[in-house]
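Here's the letter readout for the chains.
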Amino acid sequence: MSSILFVCLGNICRSPAAEAAVRQRRPDWDLDSAGTGSWHVGKAPYGPMQDAANARGLDLSKLRARQFAPEDFARFEVIVAMDEQNAEDIEALRPDGVHTPVVLFTDHIGEDGMPVPDPYYTRDFDGCLDLIEACADGLVAGLARD
Ligand code: 4NP
């Protein structure tokens, strides 16, 4: 079983959707999501993202935002960031001697360095979900090969 933490900025748009998309494909994996920021801690995913996700069979309603913490490095096998800024903010909290990989979600579709654009700002929730679902397929296929 793989244990994976998905991380974005607010934990109300991209990372909860990524968590749900991978859970839909691999319900047996240990999955969670978090944000590098604290603004939305305790809140459900953003309404427009929930609506767009619902339309493709992804239920985000039970997820609640939490902030990424240094302890997450030890709790998960892999940390999957939505963009380079998230990855930098995560790395800044890495405890000494901990080697848990931090990767970008788009690495799994061969688009190294490409961000998952933040729909909170772009308002393109469907485009974001298209990319998230492609990355979820790539991640599941890649880990299944390992
Ligand atoms: P997310 O989107 O990182 O995909 O959850 C955001 C949601 C809210 C904010 C930033 C990003 N915010 O600044 O409130």
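Since the structure is predicted, the reported quantities are computational estimates derived from the model, not experimental observations.

Rules behind the numbers
- Residues numbered from 1 in each chain as written.
- Predicted model: local features only at pLDDT ≥ 70, side-chain atom pairs only at ≥ 80, totals over all residues.
- Heavy atoms only, no water.
- Near = heavy atom within 4 Å.
- Polar contact = N/O pair within 3.5 Å; in protein donor to acceptor, adjacent residues only side chain to side chain.
- Areas by Shrake-Rupley, 256 points an atom, 1.4 Å probe, with all protein chains shown as cover.
- Nonpolar A, V, L, I, M, F, W, Y, C, P; charged D, E, K, R; others polar.
- Helix = DSSP H or I, 4+ residues; strand = E, 2+ residues; numbered from the N terminus.
- Buried < 20%, exposed > 50% of the residue type's maximum accessible area, 1.4 Å probe, protein only.
- Contact = heavy atoms within 4.5 Å.
- Pairing = 2+ DSSP bridges.
- Axes fitted to C-alpha atoms, helices over the stretch in contact; angles between N-to-C directions.

Peer 1: Give me the site of the ligand: which residues, what numbers.
Peer 2: Residues in close proximity to the ligand include Cys-8, Leu-9, Gly-10, Asn-11, Ile-12, Cys-13, Arg-14, His-40, Asp-118, Tyr-120 and Tyr-121, which together make up its full environment. One nitrogen or oxygen atom from the main chain of Gly-10 is found 2.8 Å from an oxygen atom belonging to the ligand. Within the contact set of the ligand, an oxygen atom lies 2.9 Å away from a side-chain nitrogen or oxygen of Asp-118. When the ligand sits alone it has 360 Å² of accessible area, and the protein chains cover 93% of it. Of the residues assigned to the shell around the ligand, the class counts are 6 nonpolar, 3 polar and 2 charged.

Peer 1: Provide a residue-level description of the side chain of Asp-32, including the pertinent values.
Peer 2: In this structure, Asp-32 sits in strand E2 (residues 30–35). Residue class for Asp-32 comes out buried when judged on its relative accessible area of 16%. Once you skip the residues sitting within four places of it in the chain, Asp-32 turns out to touch Ile-4, Leu-5, Phe-6, Glu-19, Arg-66, Arg-75 and Phe-76.

Peer 1: So what's going on with the sheet that holds strand E3 (residues 78–81)? Which residues, and what values?
Peer 2: A sheet is described by the order of its strands in space; here 4 strands give the open sequence E2-E1-E3-E4, paired in parallel fashion. For this open sheet the edge positions go to E2 and strand E4 (102–104), each flanked by a neighbour on one side alone. The sheet shows a mean angle of 25 degrees between the axes of neighbouring strands, direction not considered. Of the strand pairs in this sheet, strand E1 (residues 3–8) and E2 are connected by 6 bridges, and their pairing is parallel. Considered in E2, the bridge of Ile-4 is made with Leu-31. Sheet strands in contact with helix H4 (residues 84–91) are E1, E3 and E4, and its direction is about 175 degrees off that of E4.

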